[in-house]
Each structure stands twice: as structure tokens, then as C-alpha cells.
Amino acid sequence: ALSGKERTAFLRGLKKKHQDEAAAAIEELGAVGDPVLRQFGERLRLASILYAFSVIPDIAQVLALSQETAEHLELPDSTAHNALDLALATFFG
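Okay, so let's go over this structure. (Residues numbered from 1 in each chain as written. Predicted model: local features only at pLDDT ≥ 70, side-chain atom pairs only at ≥ 80, totals over all residues. Heavy atoms only, no water.)

What to know about the overall build of the chain
Line of reasoning, step 1. Each helix and strand in the chain was counted, giving 5 helices and 0 strands.
Line of reasoning, step 2. Reading the helices (α) and strands (β) of the chain from amino to carboxyl end gives α-α-α-α-α.
Line of reasoning, step 3. By the compact-globule yardstick of 12 Å for 93 residues, the chain is too spread out, its C-alpha radius of gyration being 18 Å.
Line of reasoning, step 4. Each of the three principal axes of the chain carries a C-alpha extent, and together these read 45 × 25 × 20 Å. (Helix = DSSP H or I, 4+ residues; strand = E, 2+ residues; numbered from the N terminus. Rg over C-alpha atoms; globule rule 2.2 N^0.38 Å.)

Section: the environment of I49
Line of reasoning, step 1. Relative to the assigned elements, I49 resides in helix α3 (residues 34-55).
Line of reasoning, step 2. For I49, a relative accessible area of 7% corresponds to the buried category.
Line of reasoning, step 3. In the structure, I49 is positioned 24 residues away from L73 in sequence and 15 Å away in space, judged by C-alpha atoms. (Buried < 20%, exposed > 50% of the residue type's maximum accessible area, 1.4 Å probe, protein only.)

Here we look at unusual backbone geometry
Line of reasoning, step 1. We note that Q67 has phi near 55°; this positive angle belongs to a residue other than glycine.
Line of reasoning, step 2. You can see Q67 is positioned in the loop between α4 (59-66) and α5 (79-92).

Functional significance is not addressed by these values, which are geometric in nature.
This is the structure in C-alpha cells:
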């Protein structure tokens, strides 16, 4: 959680039009438990990797970013497997 000073400094660094939305999001996140917040962070990270992969479809980069190996392509919950599914659906869908 952000302290009062950290929260104020963070909000001042944003554009004026986003400050109210960010303040509301910080308040809402403060009421969420750690497991839910951690899961959200993991899903956001996966989404960013998959977005990058959709722009530059290089499975080697996905493996490097997610610190996975080619064997992870066979694991259904791995980032590499999700990227491969995205590629197959996008290009051969």
C-alpha cells in the first residue's frame, strides 16, 4: 500500500485528466487482499506479454520474458503455451 506522501507524489505525476481515476483505483486496490492483487498483477503481466507477442510474434522472446523453456509449450497454464495458442488462433484460426 502507498503511504499518504507516496500516493500524493504518484498522483501528481499523472496527467490531470487521469488523477481522479487513479485515486479511485488506488482506493479500491487498498481494500483488496494480497492474493487477489497478486493474481491481477500476474494476469496483467500475461496480457502485456501476449500483446507484445501479437505485435512481434517471436516465441523466443516470450520464453525469455517469462523465464520459460521450450518444454513449457506443453504446459497448459504457461505463458509460452498461451502465446502459442494466441498465434495459432490468430494466424490459423
